[in-house]
Structures are given as C-alpha cells and as structure tokens.
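# Structural characterization, general
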Amino acid sequence: MTDNQEPTREQKIWQVVAAIPQGTVASYGQVAAMAGLGRQARFVGRALGRLPAGHDIPWHRVLRSNGQIAFPEATEARRTQTEKLRLEGVEVNNGRVSMRTFQWRP
DNA sequence: CCCGTGACGGACA
DNA sequence: TTGTCCGCCACGG
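Now for a description of the structure that goes with this document. What you see is a predicted model; the values in this text were computed from it and never measured.

In the vicinity of DNA strand C, the contacting residues are Gln 40, Arg 42, Phe 43, Arg 46 and Arg 50. For DNA strand C, the fraction of atoms within 4 Å of the protein that belong to sugar or phosphate moieties is 55%. One of the side-chain nitrogen or oxygen atoms of Arg 42 is found 2.9 Å away from a base nitrogen of DNA strand C. Here the residues of the surface near DNA strand C are counted per class, giving one nonpolar, one polar and three charged.

Structure follows, in structure tokens:
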C-alpha cells in the first residue's frame, strides 16, 4: 500500500500527548519539544485540531505555557476541557492551572 | 511558488 | 498584572 511507514509529525504529537499521565498537564511547547519538533508549539495545536474521530488522546491535558487553557471563555471546548481536568483532580481556577501540575516526568 | 493562518511562546511596555 | 509585537514553521488555497 504505498503508505509511508514514517510516522507523521501529527502522529508523533499524538503519541506524546497520549503519554501524559492522568492528573498532570503539559504545555504545547513541552509537547513539541518532547516530540522532537523543537519550537513548533503552534503545530501541536493544529495537530490536536486534526485529531480523528474516535481517538483516545487526552488532548485536554495540553495547555499554554502559562498554564492557561487555549480556548476562549465563550467556547464549549473550554468548558469541556476544564471539566475533564477537574475530573482528574487537576485544579482549575478561572481557566488557569497551577504550574505545579506541570511536574510530570518522562 | 507565494501568501495567510494558527488549540503557541517569549520579550517588552 | 494585562496587552502588544515578533518569531517559528508546517499546511492549505
């Protein structure tokens, strides 16, 4: 099948995100670095936006470098992400997460 | 091929 | 503290 065996950058990103433990979070920049993509933080966001249906990627564990949720307040996604994080024991205040939550190790 | 865009990041006022 | 500006870089039109 002429398929490229080499994983696309998106798939690498998804794999990294999938490796984030429950109850912890990572920033887009962190994910990019862990995926070996350097500073392509923006590409991470785009990759998550292209997640296929039926995925089991914990996209909600990815935040901005300052611990803030990337979605605007008035969006449904923002509320969903906040709720998912809280269900995992992550404290979210006004769309923001404590930096201590970033303490996850590979 | 050129251009605009983006679930970002960091510096600066 | 918040808001603005610039840099990165793959991708779509």
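Where helix α1 (residues 9-18) contacts helix α3 (residues 41-49), the two axes come as close as 9 Å, and the packing angle between them is 85 degrees. Between α1 and α3, the angle is such that the two are roughly perpendicular. For the pair α1 and α3, the contacting residues are Arg 9, Glu 10, Ile 13, Trp 14 and Val 17 in the first and Phe 43, Val 44, Ala 47 and Leu 48 in the second. Along the lines of polarity and charge, the residues of the contact of α1 with α3 split into seven nonpolar, no polar and two charged.

With that settled, consider the packing of aromatic side chains. Considering all chains together, one arrives at one aromatic pair under this definition. Their ring planes at 90 degrees and their centres at 6.3 Å tell us that Trp 59 and Phe 71 sit as a pair that is edge-to-face. With Trp 59 in the loop between α3 and β2 (62-63) and Phe 71 in the loop between β2 and α4 (76-87), this pair connects stretches of sequence that are 12 residues apart.

As a volume, the largest pocket reaches approximately 250 Å³. What lines the largest pocket is Tyr 28, Ala 41, Gly 45, Leu 48, Gly 49, Leu 51, His 55, Trp 59, Arg 64, Ala 70 and Phe 71. Among the elements that take part in the lining of the largest pocket, α3 stands out by supplying four residues, more than any other. Among the residues making up the lining of the largest pocket, the classes are represented as seven nonpolar, three polar and one charged.

Calculation rules
- Residues numbered from 1 in each chain as written.
- Chains lettered and ligands numbered in written order.
- Predicted model: local features only at pLDDT ≥ 70, side-chain atom pairs only at ≥ 80, totals over all residues.
- Heavy atoms only, no water.
- Near = heavy atom within 4 Å.
- Polar contact = N/O pair within 3.5 Å; in protein donor to acceptor, adjacent residues only side chain to side chain.
- Nonpolar A, V, L, I, M, F, W, Y, C, P; charged D, E, K, R; others polar.
- Axes fitted to C-alpha atoms, helices over the stretch in contact; angles between N-to-C directions.
- Helix = DSSP H or I, 4+ residues; strand = E, 2+ residues; numbered from the N terminus.
- Parallel < 35°, antiparallel > 145°, perpendicular 65-115°, else oblique.
- Contact = heavy atoms within 4.5 Å.
- Phe/Tyr/Trp six-rings, centres within 6.5 Å; stacked < 30°, edge-to-face > 60°.
- 1 Å grid on protein atoms, 1.4 Å probe; cavity = no way out; pocket = protein on both sides within 12 Å on 5 of 7 lines; lining within 4 Å.
- Points joined across faces, edges and corners; volume = space filled by probe spheres on them.

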